[in-house]
Amino acid sequence: MKRARIAMISTGGTIEKTYDELQGVLVNENLSNLDIMLAQLELDGVEIVRIPLMNKDSLEMFEGDHVLIAETADVMSQQHDGVVIVHGTDRLHVTGERIAAMAKGIRVPIVLTGAMRPFQLRNTDAMQNLTEALLAVQLAPPGVYVVMHNKVLAFPGVVKDRARGTFVRAPS
């Protein structure tokens, strides 16, 4: 059986935040919660190729960051069976739209995911969202998606619903 090669691009965001007890705040450090999470999953038949691109809160991202993520996703999509991008949720939709606009002839699924609550919190959604993204990237047709909270939504036209704490189709 052929192993699926999945590129996992990490950009930071809430899913990667750790608690800085000296300052009493959640921060994006150089530690990787993703490695801890991946080690807990049964990934038989899947090879994850990690690409730690940046470690930023998405509110601190600029246009160049979105372009870099989109360009990296495009390159990785040519070399892998699918791409998962772990991203902060506040500007995830900007990157998703950028990838959808820049990509020419997407040949594999490109899935963005993240978490509303950090992995280190007891009531986190991080593990569910990562697991769903890893499954969706193997089953979805070629395209750009956000996968979180038991939903697969295709770009363009996806926005964060801040009141509900999830992603939805943009109102027409």
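Here is a short report on the structure shown in this document. Throughout this description, residue numbers start from 1 for each chain and increase along the sequence as written. Owing to the predicted nature of the model, reporting of local features is limited to residues with pLDDT of at least 70; listing and counting of side-chain atom pairs is limited to 80 or more, with chain, interface and lining totals taken over all residues. Side-chain numbers here rest on the full set of heavy atoms in the structure, without hydrogens or water.

## Focus: the packing of helix H2 (residues 63-79) against helix H3 (residues 92-102)
So, point 1. Interaxial angles span 0 to 180 degrees and are taken between N-to-C directions of axes, which are lines fitted to C-alpha atoms, for helices over the stretch in contact. Runs of H or I in DSSP of at least four residues are treated as helices and runs of E of at least two as strands, each being numbered from the N terminus. Two elements in contact, H2 and H3, have axes separated by 9 Å at closest approach and are oriented at 50°. One way to sum up the angle between H2 and H3 is to call them oblique. Judged by the twist between their axes, the crossing of H2 over H3 is right-handed. Residues Glu63, His66, Val67, Ile69, Ala70, Glu71 and Ala73 of H2 pack against Val94, Thr95, Arg98, Ile99 and Met102 of H3.
So, point 2. In this classification, the charged set is Asp, Glu, Lys and Arg, the nonpolar set is Ala, Val, Leu, Ile, Met, Phe, Trp, Tyr, Cys and Pro, and all remaining amino acids, among them Gly, are polar. Its residues assigned to classes, the contact of H2 with H3 shows seven nonpolar, two polar and three charged. Here roughly perpendicular refers to angles of 65 to 115 degrees, roughly parallel to angles under 35, roughly antiparallel to angles over 145, and oblique to all remaining angles. A clockwise turn of the near helix away from the far one marks a right-handed crossing, whereas an anticlockwise turn of less than a right angle marks a left-handed crossing. Here, residues are in contact when the closest pair of their heavy atoms is within 4.5 Å.

## Thoughts on the pairing of strand S6 (residues 109-113)
So, point 1. Categorising residues by exposure relies on relative accessible area from a 1.4 Å probe, with only protein chains included: less than 20% of the type maximum marks a residue as buried, more than 50% marks it as exposed, and the intermediate range marks it as partly exposed. Here S6 lies mainly inside the structure; five of its five residues are buried.
So, point 2. Of the two faces of S6, the one carrying Pro109, Val111 and Thr113 and the one carrying Ile110 and Leu112 are both buried.
So, point 3. By definition, two strands form a pair when at least two bridges between them are found by DSSP. Across four bridges, the pairing between strand S5 (residues 82-86) and S6 is parallel. Across the sheet, the residue bridging to Val84 is Val111, located in S6.
So, point 4. Convention used here: a crossover is right-handed provided that the path from the first strand, over the helix, to the second strand proceeds clockwise when the strands point away from the viewer. With H3 bridging S5 and its parallel neighbour S6, the resulting β-α-β unit is right-handed.
So, point 5. Bridge count for S6 against strand S7 (residues 143-148) is four bridges, and the pairing is parallel. Considered in S7, the bridge of Pro109 is made with Gly143.

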